[in-house]
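This is what each chain is made of:
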Amino acid sequence: MDLHVIFTIGEYAFKRIMTGWFIRMFVGACILLLVLLFLGGPEPEKALLEHRDMAGWLIGLAAMLLVTIMGATEIPRDVDTQVIMILLSKPLTKADVVLGKFLGLLYVAAFTVLVLTAVSLIGCVGYKLMNLEDVKSGSLLDQNLFQKTVFNFLQGMLVAAIVILLSTRLNEIPIIFLTAIYVALGFFFMYLRFLLID
């Protein structure tokens, strides 16, 4: 395994995903959604806390959704366009190609989480400054922001691993379907205790 080759394939996969139309539309829609979340409510302090929690949830969901859809097409698209034959004719192993594609998806997850976290921070600061006279107490930023950001990235990384694993054997639609089931079950079991208490 040559690390330089793996990083090169990962960088190429990241650039190819980021130049696609989907990433621009997706990030634009997520930014619009986050901006809409930061519109005021009757109780500014309570609204700010709810907005921060909702933004953290949306950031994780956006990273997982983007990694699922873009990752499901990475290897099958290379097989359909015969790019995989060109790659494997070089002194590479299949593991190098798969790890490179996985690394590219990790770059996408990190980019998505960091950009949307920055947008949510800007939204929180803007909301706090717009309602400065109404807000008497509370902190401007979430105290657990770093942990939430790392957790959102780890969620994206786990989904990227599953997508790449499935994309070595399946086409796009079954990959997206199976990954959606996996994510839905994960959220169901994560919130099961809240459902049982209520």
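Residues numbered from 1 in each chain as written. Predicted model: local features only at pLDDT ≥ 70, side-chain atom pairs only at ≥ 80, totals over all residues. Heavy atoms only, no water.

Enquirer: How should I be thinking about the overall build of the chain in this particular structure?
Expert: Secondary structure summary: the chain contains eight helices and zero strands in total. The buried share among the 198 residues of the chain stands at 41%. Within the chain, counting contacts between residues at least 6 apart in sequence, those at least 24 apart form 80% of the total. Counting every atom, the chain has about 11,500 Å² of accessible surface; 74% of that belongs to carbon and sulfur. (Helix = DSSP H or I, 4+ residues; strand = E, 2+ residues; numbered from the N terminus. Buried < 20%, exposed > 50% of the residue type's maximum accessible area, 1.4 Å probe, protein only. Contact = heavy atoms within 4.5 Å. Areas by Shrake-Rupley, 256 points an atom, 1.4 Å probe, with all protein chains shown as cover.)

Enquirer: How should I be thinking about the pattern of salt bridges in this particular structure?
Expert: Side chains that differ in sign of charge can pair as their charged atoms come close. Tallied over the entire structure, the rule returns six salt bridges. In this structure, Asp 78 engages Arg 16 in a salt bridge whose closest nitrogen and oxygen atoms are separated by 2.9 Å. Placement of Asp 78 in helix 3 (residues 44–80) and of Arg 16 in helix 1 (residues 3–18) is noted, with a sequence separation of 62 residues between them. Arg 16 shares its class with Asp 78; the two are buried. Arg 77 is the partner of Glu 74 in a salt bridge, and the nearest nitrogen-oxygen pair spans 2.6 Å. In this pair, Glu 74 and Arg 77 are both assigned in helix 3, three residues apart and thus about one turn of the helix distant. Overall, Glu 74 belongs to the buried group, its relative accessible area being 0%. (Salt bridge = Lys/Arg side-chain N within 4 Å of Asp/Glu carboxyl O.)

Enquirer: What is the right way to read helix 7 (residues 172–190) from this model?
Expert: Residues spaced three or four apart along an α-helix face the same direction, because each turn holds 3.6 residues. The terminal C-alpha atoms of helix 7, which comprises 19 residues, lie 27 Å apart, in line with the 27 Å expected from a rise of 1.5 Å per residue. By the burial criterion, the buried members of helix 7 are Ile 175, Thr 179, Val 183 and Phe 187. Around the axis of helix 7, the buried residues are gathered within 95° of arc, so they sit on the same side. Exposed residues on helix 7 whose side chains face more than 90 degrees from its buried face are Ile 173, Phe 177 and Phe 189. (Expected span 1.5 Å × (residues − 1). Arc of directions from axis to C-beta.)

Enquirer: What's the story with the nonpolar core in this structure? I'm lost.
Expert: Across soluble globular proteins, you tend to see nonpolar side chains buried next to one another. The biggest cluster of nonpolar side chains holds 33 residues, and the ones touching the most others in it are Ile 17, Leu 66, Val 67, Leu 105, Val 159 and Ala 160. Counting residues per element, the ones that place at least two in this core are helix 1, helix 2 (21–37), helix 3, helix 5 (94–130), helix 6 (145–167) and helix 7. The greatest single-element share of this core, amounting to nine residues, is contributed by helix 3. If we skip the residues at most four places from it in the chain, Val 67 touches Ala 72, Leu 105, Ala 109, Gly 156, Val 159, Ala 160 and Val 163. Val 5, Ile 84, Leu 87 and Val 97 belong to the second-largest nonpolar core, a separate cluster that totals six residues. (Core = buried A, V, L, I, M, F, W, Y, C linked by side-chain atoms within 4.5 Å.)

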